[in-house]
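# What the coordinates show
Given next are the chains, with one letter for each unit.
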Amino acid sequence: MTKHAYDQKVEEFMALIKAKNPGEREYHQAVHEVAESLIPYIEEHPHYKEAKVLERIAEPERVIIFRVPWQDDKGVIQINRGFRIEMNSAIGPYKGGLRFHPTVNLGILKFLAFEQVFKNSLTSLPLGGGKGGSDFDPKGKSDNEVMHFCQSFMSELYRHIGPNTDIPAGDIGVGGREIGYMFGQYKRLKNEFTGVLTGKSPNWGGSLIRPEATGYGATYIAQEMMKLQNESFKGKTVAVSGSGNVAQFATQKVTELGGMVVSLSDSSGSIYDPKGIDKEKLEYVMYLKNVKRGRIKEYAEKYNAEYMEGQRPWSVKCDVAIPSATENEINQEEAKTLVSNGCKVVSEGANMPCTPEAMAVFQDKRVLYAPGKAANAGGVAVSGLEMTQNSMRMPWTREEVDSRLQIIMKSIHSACVKYGKRDDGSIDYVKGSNIAGFVKVADSMIAQGAV
Ligand code: NDP
């Protein structure tokens, strides 16, 4: 079949998706990216086509939407909307984070849940895919208000989840504090102490290395891609975006491996510190973001670094980029700027941070480009390890968890290499991760019948 014929099949498939899911832009984008890799593969393996596996995967098993009323500190009633997308349970219970951010809507959560299905399959752990959250904005809210919101959110969500059914975790706006409030409410309603959420504190069932896992994992994948080219982080300049959980621990691991991180950002702007964000400066960032809950601009003021108001950090000179803030945060122009400034490796800490046009630039220029479903799978992988420890009622050491994380990230890299080799010998990590993630889920769905 010619490329043109495949493109036509992708467009026909996308016409169905768009008709069924009108206005869900991010969902269309995520499905399109996967369909481009999978439709040629499915044409070569017709049993997947006959079983309509891709059509089934693109339809959530269940979508739950609910009202979340709560009272703010002034006694005023606020109403938010809560969601849980239970996307696919072919290889395990639904698993995926909760996002609290004002931009949250059905289409964004469906894109994240869809990605999660493939990502979780890549980890080689028995985890299905899900995602959820709310349009609630924790920024500027008191701890008391966040607690009231989390309790109300869990008062509805608890009846849909469980340690063998659906196990949520954190994402944007949901860290240790929010997981704690939600876990407390679940325990109170069910009168059960179970591992129903991951990302818990180690004092009450959390895994060591879970907070670090996504940032570390994205760094390990970049390291694996470089290793294949006889390269390493030593002496490399690295641009990171975001300044939350993923960005902080990517910065930490890159620095440990001998690289120098020169940028961070938040939704107000970016900082550029050409001298590098060393251990001490990172400690300040962690205090600023996790305790003081301030803005990244304050870093620039404290360390006399450059602050780029309202801008993303992709104009800085770097060898490696680890986007770790949010979706569509690198566009075509920014991708071109990164490449012309010498960037040769991109590892997506965030989910879908590159627009399709930016992805095309990286693919075309043969940048070592690891998409989110491979690069940021370390978070859910350690969440899976947290579930194992909860079932055993036995915690592992940091070293044990980190070494398992490294093994998983290496095996994800190998799976991408296996399915993503191009004719010229280079690796298409997008195709590799999509096909590797798909095969296990698709085979399981076929084995389980028309479900
Ligand atoms: P955090 O909430 O800890 O941090 C998010 C960071 O990104 C903050 O610096 C935030 O800035 C910035 N940001 C959020 N939304 C926007 C926006 N619309 N525009 C610009 N900047 C924005 O989240 P995480 O670090 O956990 O998540 C970051 C990314 O990583 C997300 O794409 C998430 O889906 C992905 N991810 C996270 C995993 C995890 O384990 N936490 C696992 C796998 C993927 P501000 O404070 O100003 O909002």
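These lines cover the structure that appears in this document, whether it is placed above or below. Everything numeric here is computed off the predicted structure, so don't read it as measured data.

This part is about the nonpolar core. Membership of the largest hydrophobic core comes to 59 residues, with the highest contact counts inside it found for Val238, Leu264, Tyr299, Ile322, Leu405 and Ile412. Viewed by domain, this core spans two of them, domain 1 (62-193) and domain 2 (213-370), each represented by three or more residues. Ignoring anything within four residues of it in the chain, the contact list for Leu405 reads Ile209, Ala213, Tyr216, Gly217, Tyr220, Gly378 and Val382. Counting 39 residues, the second largest nonpolar core, distinct from the first, contains Ile42, Ile57, Ala58 and Met445.

It is worth spelling out the pattern of salt bridges at this point. Counted according to the given criterion, the structure contains 28 salt bridges. In this structure, the salt-bridge partner of Lys236 is Glu231, at a minimum N-O distance of 2.7 Å. Residue class for Glu231 comes out partly exposed when judged on its relative accessible area of 41%. With a closest N to O distance of 3.2 Å, Asp424 and Arg366 form a salt bridge.

Moving on to the site of the ligand. Close contacts around the ligand come from 24 residues, with Lys139, Asp171, Thr214, Ser267 and Arg295 the closest. A distance of 2.8 Å is found between an oxygen atom of the ligand and a side-chain nitrogen or oxygen belonging to Lys139. In the model, an oxygen atom of the ligand is placed 3.0 Å from a nitrogen or oxygen of the Ser243 main chain. When the free accessible area of the ligand is taken as 890 Å², the share hidden by the protein chains comes to 83%. Those elements that place two or more of their residues in the shell around the ligand are α8 (210-227), α9 (245-256) and β7 (260-266). When grouped by side-chain class, the residues that make up the shell around the ligand number four nonpolar, 14 polar and six charged. Shared between two domains, the shell around the ligand holds at least three residues of each, these being domain 1 (62-193) and domain 2 (213-370).

Following the criterion strictly, the structure yields 20 aromatic pairs and no others. Aromatic side chains Phe100 and Phe136 sit 6.1 Å apart centroid to centroid with 90 degrees between the ring planes, which places their arrangement in the edge-to-face category. Taken together, the residues span a long stretch of sequence, with Phe100 in strand β3 (residues 94-100) and Phe136 in the loop between β4 (129-134) and α6 (143-157) at a distance of 36 residues. With a relative accessible area of 1%, Phe100 lands in the buried category. Judged by relative accessible area, which is 1%, Phe136 ranks as buried. Here the aromatic cluster, defined as three or more aromatic residues joined through ring pairs, consists of Phe66, Trp70, Phe100, Phe136, Phe149 and Phe153.

Let's shift gears to the state of the cysteines. Scanning all chains against the criterion turns up zero disulfides. Cysteine Cys416 is unpaired, with the sulfur of Cys354 as its nearest cysteine sulfur at 15 Å.

Attention now goes to unusual backbone geometry. Phi angles above zero are rare outside glycine, and Arg293 is one such case at about 55 degrees. For Arg293, the position within the fold is in the loop between α10 (279-291) and α11 (297-303). Within the chain, Asn304 stands out as a residue other than glycine whose phi angle is a positive 55 degrees. Within the fold, Asn304 resides in the loop between α11 and β9 (306-309). In this structure Asn304 comes out as exposed when scored by relative accessible area, which is 71%.

Basis of the calculations
- Residues numbered from 1 in each chain as written.
- Predicted model: local features only at pLDDT ≥ 70, side-chain atom pairs only at ≥ 80, totals over all residues.
- Heavy atoms only, no water.
- Core = buried A, V, L, I, M, F, W, Y, C linked by side-chain atoms within 4.5 Å.
- Buried < 20%, exposed > 50% of the residue type's maximum accessible area, 1.4 Å probe, protein only.
- Domains from an automatic or database assignment.
- Contact = heavy atoms within 4.5 Å.
- Salt bridge = Lys/Arg side-chain N within 4 Å of Asp/Glu carboxyl O.
- Near = heavy atom within 4 Å.
- Polar contact = N/O pair within 3.5 Å; in protein donor to acceptor, adjacent residues only side chain to side chain.
- Areas by Shrake-Rupley, 256 points an atom, 1.4 Å probe, with all protein chains shown as cover.
- Helix = DSSP H or I, 4+ residues; strand = E, 2+ residues; numbered from the N terminus.
- Nonpolar A, V, L, I, M, F, W, Y, C, P; charged D, E, K, R; others polar.
- Phe/Tyr/Trp six-rings, centres within 6.5 Å; stacked < 30°, edge-to-face > 60°.
- Disulfide = S-S within 2.5 Å.

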